[in-house]
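Below are the chains, spelled out letter by letter.
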Amino acid sequence: MSKTFYIETFGCQMNAHDSEKVVGTLEQQGYAQVQDEADAGLILYNTCSIRDKAEQKVFHRLNEYKKLQGEGKKFAVIGCVAQQEGEKIFDKAPYVSIVAGSASYRNLPGMLDRLERGDSRITGLDDKKTTETFETPFVARTNPHRGYITIIEGCDKFCAYCVVPYTRGNERSRTAASVMEEATRMADAGFTEIQLLGQNVNSYRDPSGKMTFAELLQAVGTIPGIRRVRFTTSHPRDFTKDIVDVIDATPTLCDHIHLPVQSGSSRILKAMAREYTREWYLERIAWMKAAKRDLSLTSDIIVGFPGETDADLEDTATLLDVVGYDAIFAFKFSPRPNTPAEHLADSLSDEVKSARLQILLDRQREIQRINYDRHLGQVMEVMVEGYNKARNQIIGRSSQNKTVNFTTTQLIMPATGTYHQVRITQTFPNSLVGEALAAPGRVQ
Ligand code: SAH
Ligand code: SF4
Ligand code: F3S
């Protein structure tokens, strides 16, 4: 087998960042990444299992890999579907050599050694109860300006619909010292934005007991060179007021909180085992609205959970109005293997779920039109992410995580990762348009 690899990644930000760590680990073991699977000796498939018959899609894709088997290529299935389906993957796709869930990645070097010795059916599936996290100095970061740090892995919440506690194992945090060390190294390497990650990032508990989550946010935010700190995803149950206070006190912490509500109906929240009510959630939103900073709020919503009535849906719709989110990610409920909701009567047809989803999306679009319109004439700091050549615009992002497309009168295009003051001249429900102000002290 040639020591080259190709990796394909699906799923959430944590999965994307896992892949950065897996790539770093492989490179450390002497493997070189290639961008075309035809050139690879080892093909890795980092899978997601959150919705929509994910496992079927994985097996379908593995069928396509079958053709490549004759070329001497090896295959590894990792991530959430790997953990969920386990050794069944070998039975259905015998040409796969490694099946490993994310709780086992720290053992990857050993798995690779076994692969090179010609072993087959190599598994990393038994670590779901581990208290260890996957910490490695070898991270192949894909963005040179914005870097991710997983501070807490796994999930212990067991919401009725969700596979994550089964696929990612126990909730376990890294020490604050280790997070600070990585963040400082990244700042020294030129990163200006850090995103702290966890399925429930604010459930963070420093194993050494030195820092609360809010204190860690502040500590990362005061590392010299760091201009923006984001964190995702927060869970309402563990959302404490000191998080809002620390955002108010620390300018580098971004003006954005993603706090998934899932439903606006306390009855459905109970059935989902979210362990909070609409009122509890709205109390946390009230803290955010009382902040000195203009905090942008976003959420995830599930429509069509078993037993959801029109009245429950209306509760979610009114919650959208009350909170006034800047974005929502809304999904139709899909029954997932091993979860308590898997066997609840999935009584609503796909048509009903789609219609309900559309009701919420239409309502939300109107809310966003008004929210984004508020920014007209404002000046905001924008970090450059790329360029839209066709429209001759620079693409960037505000502290609130809004997309800002802007133009400049400067002759030299601003580099990606640089920050600019931009005046907003036009607004849409999902993006803003503006013009860069002249750099201070420069004559245009
Ligand atoms: N830990 C986070 C995010 C979990 S997964 C949280 O608790 O909020 C991301 C989103 O996928 C969830 O917020 C939820 O809206 C959605 N999701 C999870 N399981 C789902 C399912 N079975 N059907 C539909 N959507 C689901
Ligand atoms: Fe899934 Fe709930 Fe855990 Fe989020 S908190 S990952 S929705 S079980
Ligand atoms: Fe998917 Fe696993 Fe993330 S199921 S959303 S990759 S935690």
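Under an unreviewed UniProt entry, the name given to the chain is tRNA-2-methylthio-N(6)-dimethylallyladenosine synthase, and the source organism is Granulicella rosea. Check the Catalytic activity (unreviewed entry) section of the UniProt entry for the chain; it says "N(6)-dimethylallyladenosine(37) in tRNA + (sulfur carrier)-SH + AH2 + 2 S-adenosyl-L-methionine = 2-methylsulfanyl-N(6)-dimethylallyladenosine(37) in tRNA + (sulfur carrier)-H + 5'-deoxyadenosine + L-methionine + A + S-adenosyl-L-homocysteine + 2 H(+)". Quoted verbatim from the Sequence similarities (unreviewed entry) heading of the UniProt record, the comment on the chain is "Belongs to the methylthiotransferase family. MiaB subfamily."

Novice: Would you take a moment to explain the overall build of the chain for this structure?
Specialist: Helix and strand counts for the chain come out as 13 helices and 19 strands. Over its C-alpha trace the chain gives a radius of gyration of 23 Å, about what one expects of a compact globule, namely 22 Å for 444 residues. Residues classed as buried in the chain amount to 41% of the 444 residues present.

Novice: Got a minute to help me understand the sheet that holds strand 4 (residues 74–79) in this structure?
Specialist: Across a sheet, strands are paired by hydrogen bonds formed along the backbone, either parallel or antiparallel in direction. Taken in spatial order, the 6 strands make up an open sheet running 2-1-3-4-5-6, and their pairing is parallel. If you trace the sheet from one side to the other, it starts and ends with strand 2 (32–33) and strand 6 (122–124), each paired once. As judged from the 3 bridges shared by strand 5 (residues 96–100) and strand 6, these two strands associate in the parallel manner. Bridge assignment links Ile98 to a residue of strand 6, and that residue is Ile122.

Novice: When you look at the UniProt feature "domain: TRAM" (unreviewed entry) in the chain in this model, what are you seeing that I'm missing?
Specialist: Taking the numbering used here, the UniProt-annotated feature "domain: TRAM" (unreviewed entry) corresponds to residues 373–438. Helix makes up 2% of residues 373–438 and strand 55%. Its end C-alpha atoms lie 24 Å apart.

Novice: Is there a simple way to think about the sheet that holds strand 10 (residues 193–197) in this case?
Specialist: Pairing is parallel in the open sheet, where 3 strands are placed in the order 7-10-11. Edge positions in the sheet fall to strand 7 (146–150) and strand 11 (228–232), since each has one partner strand and no second. Mean inter-strand twist for the sheet, computed between neighbouring axes without regard to direction, equals 20°. Where strand 10 meets strand 11, 5 bridges bridge the pair, whose relative direction is parallel. The partner of Leu197 across the bridge, within strand 11, is Thr232. Sheet strands touched by helix 1 (residues 13–28): strand 7, strand 10 and strand 11. Its angle to strand 7, the strand with the most contacts, is close to 100°.

Novice: Any chance you could explain helix 7 (residues 176–188) here in plain terms?
Specialist: What sets the pattern is the α-helix's 3.6 residues per turn: residues three or four places apart point alike. Between its terminal C-alpha atoms helix 7 stretches 18 Å, which fits the 18 Å expected from 13 residues at 1.5 Å a residue. Turning to helix 7, its buried residues number three or more, namely Ala176, Val179, Glu182, Ala183 and Met186. The arc that holds every buried residue of helix 7, seen down its axis, measures 130°, which confines them to one face.

Novice: Before we go on, may I ask you to explain the domain arrangement of the chain in this structure?
Specialist: It is common to give the size of an interface as the accessible area lost on bringing the parts into contact. The domain architecture assigned to the chain consists of domain 1 (4–124), domain 2 (146–373) and domain 3 (379–436). If you average the C-alpha positions of domain 1 and of domain 3, the two centres end up 38 Å apart.

Novice: What is the right way to look at the site of ligand 1 in this model?
Specialist: Around ligand 1 sit 17 residues, and of these Tyr161, Gln199, Pro260, Asp300 and Phe331 come closest. By residue class, the composition of the shell around ligand 1 is 8 nonpolar, 6 polar and 3 charged.

Novice: I'm lost on the pairing of strand 10 in this one. Help?
Specialist: In summary, the side chains of a regular strand alternate between the two faces of the sheet. Counting buried positions along strand 10 yields 4 of 5 residues, so the element is predominantly enclosed. By the bridge criterion, 5 bridges tie strand 7 to strand 10 in an arrangement that is parallel. Across the sheet, the residue bridging to Thr150 is Leu197, located in strand 10. The β-α-β motif built from strand 10, the intervening helix 8 (residues 213–221) and the parallel element strand 11 has right-handed crossover chirality.

Novice: Please clarify how the site of ligand 3 should be interpreted in this entry.
Specialist: Not every one of the 13 residues close to ligand 3 is listed here, only the nearest: Gly11, Cys12, Asn15, Cys48 and Cys80. In terms of residue count, helix 6 (residues 164–168) provides more of the shell around ligand 3 than any other element does, 3 residues in total. Among the residues forming the shell around ligand 3, the class breakdown is 7 nonpolar, 5 polar and 1 charged.

Novice: What is the right way to read the pairing of strand 18 (residues 419–427) from this model?
Specialist: In this structure, strand 15 (residues 379–388) lies alongside strand 18, joined through 5 bridges in antiparallel fashion. The residue of strand 18 that forms the bridge with Met383 is Tyr419. Pairing analysis gives 5 bridges linking strand 18 to strand 19 (residues 431–436), with the strands arranged antiparallel. Among the inter-strand pairings, Ile424 is bridged to a residue of strand 19, identified as Gly434. Where strand 18 hands over to strand 19, the hairpin turn is made up of 3 residues, counted between the paired strands.

Novice: Which parts of the structure should I look at to understand the environment of Leu62?
Specialist: Within the secondary structure, Leu62 is located in helix 2 (residues 54–66). For the pair Leu62 and Tyr95, spaced 33 residues apart in sequence, the C-alpha to C-alpha distance is 9.1 Å. The residues touching Leu62, leaving out its near neighbours within four places in the chain, are Ala93 and Val96.

Novice: Mind showing me how you'd approach the nonpolar core here?
Specialist: Looking at soluble globular proteins, one finds that nonpolar side chains tend to be buried together. One finds Leu44, Val77 and Leu217 to be the most contacted residues of the largest nonpolar core, which totals 90 residues. At 5 residues, the largest contribution of residues to this core is made by helix 8. Lining this core are residues from two domains, each supplying at least three of them: domain 1 (4–124) and domain 2 (146–373). Counting residues in hydrophobic clusters, the runner-up holds 10 residues, among them Met380, Val382, Met383 and Val384.

Novice: Please explain the environment of Glu116 as it appears in this structure.
Specialist: Checked against the element boundaries, Glu116 lands in helix 5 (residues 108–116). With 14 C-beta atoms counted inside 10 Å, the residue Glu116 sits in the partly exposed group.

The rules we used
- Residues numbered from 1 in each chain as written.
- Chains lettered and ligands numbered in written order.
- Predicted model: local features only at pLDDT ≥ 70, side-chain atom pairs only at ≥ 80, totals over all residues.
- UniProt positions renumbered as here; feature names shortened; annotations may be inferred.
- Helix = DSSP H or I, 4+ residues; strand = E, 2+ residues; numbered from the N terminus.
- Rg over C-alpha atoms; globule rule 2.2 N^0.38 Å.
- Buried ≥ 20, exposed ≤ 12 C-beta atoms within 10 Å, placed from the backbone.
- Pairing = 2+ DSSP bridges.
- Axes fitted to C-alpha atoms, helices over the stretch in contact; angles between N-to-C directions.
- Contact = placed C-beta atoms within 7 Å.
- Expected span 1.5 Å × (residues − 1).
- Arc of directions from axis to C-beta.
- Domains from an automatic or database assignment.
- Near = placed C-beta within 6 Å.
- Nonpolar A, V, L, I, M, F, W, Y, C, P; charged D, E, K, R; others polar.
- Right-handed = clockwise from strand over helix to strand, strands pointing away.
- Core = buried A, V, L, I, M, F, W, Y, C linked by C-beta atoms within 7 Å.

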